[in-house]
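# Residue-level structure breakdown
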There are 4 protein chains.
Amino acid sequence: MAYFSVNGKKVYYETHGEGKPLILLNGIMMSTKSWTIFKETFSHQNRLILVDFLDQGQSDKVFEPYTQELQVEVVKGLIEELGYEKVNLLGISYGGEVALQFIVKYEHLVDRLVLFNTTYRTSPWLKDIGDAWNLSRGDAMDYYLTTIPVIYSPSFYNRNRAWMEARKKLLTDTVFSDKDFMDSMVRLTVSAENHDVREELKGIRTKTLIVSSEHDFVTPKEEQQELHRLLENSDYVLLPDTGHGSMYEQPALFTALTLGYVNAKDLSMSVL
Amino acid sequence: MAYFSVNGKKVYYETHGEGKPLILLNGIMMSTKSWTIFKETFSHQNRLILVDFLDQGQSDKVFEPYTQELQVEVVKGLIEELGYEKVNLLGISYGGEVALQFIVKYEHLVDRLVLFNTTYRTSPWLKDIGDAWNLSRGDAMDYYLTTIPVIYSPSFYNRNRAWMEARKKLLTDTVFSDKDFMDSMVRLTVSAENHDVREELKGIRTKTLIVSSEHDFVTPKEEQQELHRLLENSDYVLLPDTGHGSMYEQPALFTALTLGYVNAKDLSMSVL
Amino acid sequence: MAYFSVNGKKVYYETHGEGKPLILLNGIMMSTKSWTIFKETFSHQNRLILVDFLDQGQSDKVFEPYTQELQVEVVKGLIEELGYEKVNLLGISYGGEVALQFIVKYEHLVDRLVLFNTTYRTSPWLKDIGDAWNLSRGDAMDYYLTTIPVIYSPSFYNRNRAWMEARKKLLTDTVFSDKDFMDSMVRLTVSAENHDVREELKGIRTKTLIVSSEHDFVTPKEEQQELHRLLENSDYVLLPDTGHGSMYEQPALFTALTLGYVNAKDLSMSVL
Amino acid sequence: MAYFSVNGKKVYYETHGEGKPLILLNGIMMSTKSWTIFKETFSHQNRLILVDFLDQGQSDKVFEPYTQELQVEVVKGLIEELGYEKVNLLGISYGGEVALQFIVKYEHLVDRLVLFNTTYRTSPWLKDIGDAWNLSRGDAMDYYLTTIPVIYSPSFYNRNRAWMEARKKLLTDTVFSDKDFMDSMVRLTVSAENHDVREELKGIRTKTLIVSSEHDFVTPKEEQQELHRLLENSDYVLLPDTGHGSMYEQPALFTALTLGYVNAKDLSMSVL
């Protein structure tokens, strides 16, 4: 529970435990609070570092237009604040996009990278989906229905009715009815519009785990397959019967893959 | 270009060509006009029958609440109007749902059935997506962005930028700005909310072709696989790298599968 | 039931029905007799042309080494014998390879092409599998067990026990115990070893349907996906839960896809 | 490097490192020597325990007929020998089958279970493939070509020509030319013929990671999906573009998944 500054804006972060440092970069709707169920296990052998991007959680709002480059500097500032020479990064969706832009600019600061449900670019298709989200901002229920069903797999959404209904009530009653939150969501969404690192990934050699979900309707698995082709030292795995929100649908696989990849002494063994 | 009546409402239909009768049942946003590019080939060896469901195209509007059972009676009325003992049905999405309810009630009137991108039930997930569509009704661009990107595969949407942009302009300038059209769309969407034929399909033996698309974000392929398990005499095929709007993305496969399945003299050959 | 000559060798063929000509090119273990269950339906609207490649069925054996180029000339000779300017070709596996080599050399003679379970090249992996087949030639049961299970999907093989066991008895008692048949099989297998049309397919514009099977353990679906990328005017479809012998596992889809693709008046409709 | 006895037969095992115990159960052609490249990383935080099943590596041969139940007792004996109350088990293919039979009989001895490329039963299809292996026993090259290509993905086999050719030479010159080794292979293959734990898995609650490969031509992914349905507390993940020998094709994912799953403090976190 501490703050540091980037461009005069305060950034909130927390650290838990000791060991190899692992920074978790949030998806767009998330915050440091989203990691509650993972905190104990992720900090058992690692120094777990949670952070709110600008316009998220307890970090400052940013009222002028910005791109994800600003969040790249948040990550850079965080690593400096903590005094590390190298860290491990986990990014989810929006956070994964920031992570990709980060290694393009600051590859020397990253040991291993783990990406869940992350695309290498905001395609015209994804941009239009983001615009649909933003056009629904004025009505909490409209926003819920436009954004939430597509981030779960149909089977998870249909199986866990009580939980989804409770979440619908909670999100529409509070979070999506909060004008400040919604303004932040719109700015965050817009900040990702020009994300495209296809060209810049050439030559990047960071050991990277790419995880996609079979039923990801926001960042379809084909984009992670392309990312795998673009990133020379990457490994690629698929979560069957899972949607975009893989950390909630498959918490055991999310945990095992992340901790196993980050903590393995060596990952370069080969019979070849 | 003719009309008949169902429950005092006028239903518009067209027939083209001669041969085995093939009735096409429209998806929710479609109308008889949607079939222009297919008309010549589909009527080459068949009597092609196009029809507007109530609340579609040139058929009457229905201002009181209704369910898809009403559209089932439209299909029944059409077959009577044409004087057939048996017809072949092709249904797409909403039209496929009506087709499924139709064989449950009037199986004796159907020779072969072809279903593209059709689910056996409106799941809670799909209902919420429909609600998102309906809540966007007041803003043409919001409606476009909420409904259209998800009915194409990302690769089709991203590859054909000029066509998609022209379509965006056309739909937002005219169709989705037409209050009557939008009111119909909302009613049609609501009419499908209680669709669920899981139980009723037991014992149905109509020879049925089930076609799903790999990137169908509205009626995911798992639902067609389940439909294939439920429907004893069904065949199941998958269109790779295709979205919900398979007729537009894969017109050659749409044509070959439909005409081949409907017109083959026999489909029951087996080595077993 | 007639013969013509290629390089002094007699080639057996049959024709059935009248209409657009459709030549079926056999898989490696097949012959004109393999088409019994399809003959009536395939000749209903078409002139169906069955042919035994050299070293197959009732065509002559070839005792000197040869490549699939010889079979390309068989197809060429057949078209001349029948006096057609253009024909439609369907090829399965080995027959599909010959068909691909045929369009490279004689594209002007082909109207539409349908390929089931066909690869664009004999990869080192496939060559080694062919060598395994040939090394088992001396023992009918060894040959059966090495070649047959892998050409069916596990689910078909496990579900249809009585039929598979009867087939095992028949094939090991007679066909695979026939030294002449086995010698032919070895030569046919060897004749495909250098198949590779990757480079030659550039510029080929024949309208082509490519059908692959999800559980094809001989010509995996990735090879048909690559073929689809290589062949500009191709359409690609996948048969779920099906093995290499798709014509036997999915006779209705095999029939509908083939007849629909060959007989549709036009396949070039597009909204774009 | 030590031995213990089961039914009067000597079983060879090794332990490396300290920490949570992890026993690796070999695939059918493997031995303790197969783990060389993984030893350092797997023993970094764990006590890594390698063992040769009877008829493998440095353990005794078994000349009378036996089933995998004998190997279950090998695992039981090993745990007793080491004095553990609970261990973690990783099984690959044959070793995974033994692991499944082990938890049916001795669930109380297992903490977490990791299964790579493992089926819940030897289907008629798999039995026939095993028979093909055994009928090729007399000829080293025949055995190589019948068994080895199908345990790799085509893309791995085709991409790594030099390594595969070196392996072909090594295996045919030495291992597959060794009559004792081949006799063991045949007995091991036969010992798995009656493997079927479908019924016995009901009620098993061991936390289990099930990993399948997209191009597994020996234990197709559908069998792991079924295993996932049968095993209540299981998690399921897929390795794209990988064959049966996933540990060699995807060593980084093999390592991360195994160590992450075994070593995570908790895997039961859930938002539900």
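As the structure is a computational prediction, the values presented were derived from the model and not from experiment. (Residues numbered from 1 in each chain as written. Chains lettered and ligands numbered in written order. Predicted model: local features only at pLDDT ≥ 70, side-chain atom pairs only at ≥ 80, totals over all residues. Heavy atoms only, no water.)

### Some thoughts on the overall build of chain A
What chain A contains, in helices and strands, is eleven helices and eight strands. Taking 2.2 N^0.38 as the reference for a compact globule, 272 residues should give roughly 19 Å; the C-alpha atoms of chain A span a radius of gyration of 18 Å, in line with that estimate. Along the first, second and third principal axes, the C-alpha atoms of chain A reach 55 × 45 × 40 Å. The buried share of chain A, reckoned over its 272 residues, is 65%. Contacts spanning at least 24 positions in sequence make up 75% of the contacts within chain A whose residues lie at least 6 apart. Carbon and sulfur atoms form 50% of the exposed surface of chain A, whose accessible area is close to 9,400 Å². The average position of the 28 basic charges and that of the 38 acidic charges among the side chains of chain A differ by 2 Å. (Helix = DSSP H or I, 4+ residues; strand = E, 2+ residues; numbered from the N terminus. Rg over C-alpha atoms; globule rule 2.2 N^0.38 Å. Buried < 20%, exposed > 50% of the residue type's maximum accessible area, 1.4 Å probe, protein only. Contact = heavy atoms within 4.5 Å. Areas by Shrake-Rupley, 256 points an atom, 1.4 Å probe, with all protein chains shown as cover. Lys, Arg positive; Asp, Glu negative; His and termini not counted. Charge placed at Lys NZ, Arg CZ, Asp CG, Glu CD.)

### Looking at the relation of the copies chain A and chain D
With an RMSD of 0.0 Å, the fit of chain A onto chain D corresponds to turning through 180° and sliding 0.0 Å along the axis. The symmetry that links the two subunits is that of a two-fold axis. Closest approach to the rotation axis among the C-alpha atoms of chain A is made by Gly260(A), whose C-alpha sits 1.8 Å away. Of the interface residues in chain A, 100% have counterparts in chain D that sit at the interface too, so the contact is made through matching surfaces. (Least-squares fit on C-alpha atoms with pLDDT ≥ 70 in both.)

### Points about the pattern of salt bridges
Counted according to the given criterion, the structure contains 76 salt bridges over all chains. The partner of Lys105(C) in a salt bridge is Glu73(C), with the nearest N and O atoms 2.9 Å apart. With Lys105(C) in helix H3 (residues 94–106) and Glu73(C) in helix H2 (residues 68–82), this residue pair connects regions lying 32 residues apart in the sequence. The partly exposed category is assigned to Glu73(C), whose relative accessible area is 23%. Where Glu226(C) meets Arg229(C), a salt bridge forms, and the shortest distance between an N and an O atom there is 2.9 Å. With Glu226(C) and Arg229(C) both in helix H9 (residues 221–230), this residue pair falls three residues apart, about one helical turn. Salt bridges here are not isolated pairs; linked through shared partners, they connect Asp128(A), Arg161(B), Glu165(B) and Lys168(B). (Salt bridge = Lys/Arg side-chain N within 4 Å of Asp/Glu carboxyl O.)

### Details of the interface of chain C and chain B
Each partner contributes residues to the interface: chain C has 37 residues there, and chain B has 37 residues. Both sides together, the interface formed by chain C and chain B hides about 3,300 Å², and carbon and sulfur atoms give 72% of it. When the buried area of chain C at its contact with chain B is split by residue, Lys265(C), Met269(C) and Val271(C) rank highest and sum to 21% of it. Seen at the junction of chain C and chain B, the total is two salt bridges. With its nearest N and O atoms 2.4 Å apart, the salt bridge here joins Lys265(C) to Glu40(B). Scanning the region where chain C abuts chain B turns up eight residue pairs in polar contact (both at pLDDT 80 or more). Here the side of chain C that touches chain B is built from residues that sort into 23 nonpolar, nine polar and five charged. (Buried area = accessible area lost by both parts, 1.4 Å probe. Polar contact = N/O pair within 3.5 Å; in protein donor to acceptor, adjacent residues only side chain to side chain. Nonpolar A, V, L, I, M, F, W, Y, C, P; charged D, E, K, R; others polar.)

### What to know about the interface of chain A and chain D
Between chain A and chain D, the contact holds 37 residues from the first and 37 residues from the second. Of the roughly 3,300 Å² buried where chain A meets chain D, counting both sides, 72% is carbon and sulfur surface. Among the residues chain A hides against chain D, the three largest losses belong to Lys265(A), Met269(A) and Val271(A). Together they make up 21% of the total. Our enumeration of links across chain A and chain D arrives at two salt bridges. Seen at the junction of chain A and chain D, the total is eight residue pairs in polar contact (both at pLDDT 80 or more). Contributing elements (two or more residues each) for the side of chain A that touches chain D: helix H1 (36–42), strand S7 (207–213), strand S8 (234–239) and helix H11 (251–263) of chain A.

### Thoughts on the side chain of Asp216(D)
All names here are of chain D. Position of Asp-216 relative to the elements: it lies in the loop between strand S7 (207–213) and helix H9 (221–230). An unpaired buried charge is present at Asp-216: no salt bridge exists, and Lys-221, the closest side chain of opposite charge, is 10 Å distant. A polar atom in the side chain of Asp-216 sits 2.8 Å from the side chain of Asn-117. Side-chain polar atoms of Asp-216 contact the backbone nitrogen of Val-218, separated by 2.9 Å. Excluding its chain neighbours within four sequence positions, the residues that come into contact with Asp-216 are Asn-117, Thr-242, Gly-243 and His-244.

### A closer look at the packing of helix H2 (residues 68–82) of chain B against helix H3 (residues 94–106) of chain B
All names here are of chain B. Contact geometry of H2 with H3 gives a least axis separation of 9 Å together with a crossing angle of 70°. Classified by the angle their axes make, H2 and H3 are roughly perpendicular. Seen from H2, the contacting residues are Gln-68, Glu-69, Gln-71, Val-72, Glu-73, Val-75, Lys-76 and Ile-79; seen from H3, they are Tyr-94, Glu-97, Val-98, Gln-101, Phe-102, Lys-105 and Tyr-106. Each residue belonging to the contact of H2 with H3 can be placed in one class, and the counts come to seven nonpolar, three polar and five charged. (Axes fitted to C-alpha atoms, helices over the stretch in contact; angles between N-to-C directions. Parallel < 35°, antiparallel > 145°, perpendicular 65-115°, else oblique.)

### Notes on helix H4 (residues 124–135) of chain B
Along its twelve residues, H4(B) runs 16 Å from first to last C-alpha, staying within 8% of the 16 Å computed at 1.5 Å per residue. H4(B) sits mainly inside the fold: nine of its twelve residues count as buried. Of the residues making up H4(B), those classed as buried are Trp125(B), Leu126(B), Asp128(B), Ile129(B), Gly130(B), Asp131(B), Ala132(B), Trp133(B) and Asn134(B). On its buried side, H4(B) packs onto helix H5 (140–147), helix H6 (154–159) and helix H7 (161–173) of chain A together with helix H5 (140–147) and helix H8 (179–191) of chain B. (Expected span 1.5 Å × (residues − 1).)

### Some remarks on the packing of aromatic side chains
The relation between two aromatic rings is expressed through the spacing of the ring centres and the mutual angle of the planes. Residue and element names in this part refer to chain A. Under the counting rule described, the total for this entry stands at 70 aromatic pairs over all chains. Within the aromatic cluster, the residues linked to one another by ring pairs are Trp-35, Phe-38, Phe-42, Phe-116 and Phe-254. In this arrangement the basic side chain of Lys-10 is found over the ring face of Tyr-3, its NZ or CZ atom lying 4.5 Å from the centre. (Phe/Tyr/Trp six-rings, centres within 6.5 Å; stacked < 30°, edge-to-face > 60°. Lys NZ or Arg CZ within 6 Å of the ring centre and 35° of its normal.)

### As for the relation of the copies chain C and chain B
Each copy of the sequence occupies a distinct position, and chain C is placed on chain B by a rotation of 180° and an axial shift of 0.0 Å, giving an RMSD of 0.0 Å. The overlap is high: 100% of the interface residues of chain C also sit at the interface in chain B, so the same surface is used on both sides.

### Remarks on the side chain of Thr32(C)
Residue placement: Thr32(C) occurs in the loop between strand S3 (20–25) and helix H1 (36–42). Setting aside residues up to four positions removed in sequence, Thr32(C) forms contacts with Tyr12(C), Glu14(C), Asn26(C), Leu50(C), Val51(C), Asp52(C) and Gln58(C).

### Quick look at the pairing of S8(A)
Residue and element names in this part refer to chain A. Counting buried positions along S8 yields six of six residues, so the element is predominantly enclosed. Neither face of S8 is left uncovered, since the one carrying Ser-234, Tyr-236 and Leu-238 and the one carrying Asp-235, Val-237 and Leu-239 both have all their residues buried. As paired strands, S7 and S8 are joined by six bridges and run parallel to one another. In the strand pairing of S8, Val-211 is matched with Val-237. Of the crossover connections in this fold, the one passing from S7 over helix H9 (residues 221–230) to the parallel S8 is right-handed. (Pairing = 2+ DSSP bridges. Right-handed = clockwise from strand over helix to strand, strands pointing away.)

### Describing the arrangement of the chains
Looking at chain A next to chain C, you find no contact at all, with the nearest C-alpha pair sitting 14 Å apart. At no point do chain B and chain D touch; the closest pair of C-alpha atoms across them sits 14 Å apart.

### A closer look at unusual backbone geometry
For Asn117(A), which is not glycine, the phi torsion reads 50° and is therefore positive. In this structure, Asn7(C) takes a positive phi of about 50° despite not being glycine. Secondary-structure assignment places Asn7(C) in the loop between strand S1 (2–6) and strand S2 (9–16). For Asn7(C), a relative accessible area of 67% translates into the label exposed.

### Digging into the environment of Tyr3(B)
All names here are of chain B. Tracing the backbone shows Tyr-3 in strand S1 (residues 2–6). When its relative accessible area of 38% is taken as the criterion, Tyr-3 is described as partly exposed. Separated by 27 residues in the primary sequence, Tyr-3 and Met-30 place their C-alpha atoms 18 Å from one another. If we skip the residues at most four places from it in the chain, Tyr-3 touches Lys-10, Val-11, Tyr-12, Tyr-13, Gln-58 and Glu-81.

### Observations concerning the confidence of the model for chain A
On average, residues of chain A score 97 in pLDDT, and 100% of them reach the 70 mark or higher. With pTM at 0.97, the complex prediction returns an ipTM value of 0.97. (pLDDT = per-residue confidence, 0-100.)

### Side note on the environment of Thr189(B)
Residue and element names in this part refer to chain B. Within the secondary structure, Thr-189 is located in helix H8. Overall, Thr-189 belongs to the buried group, its relative accessible area being 12%. Along the chain, Thr-189 and Thr-67 lie 122 residues apart, while their C-alpha atoms are 9.4 Å from each other. For Thr-189, the residues in contact, after removing those within four places along its chain, are Ile-28, Gly-130 and Asn-134. Within polar-contact distance, the side chain of Thr-189 engages the backbone oxygen of Met-185 at 2.7 Å.

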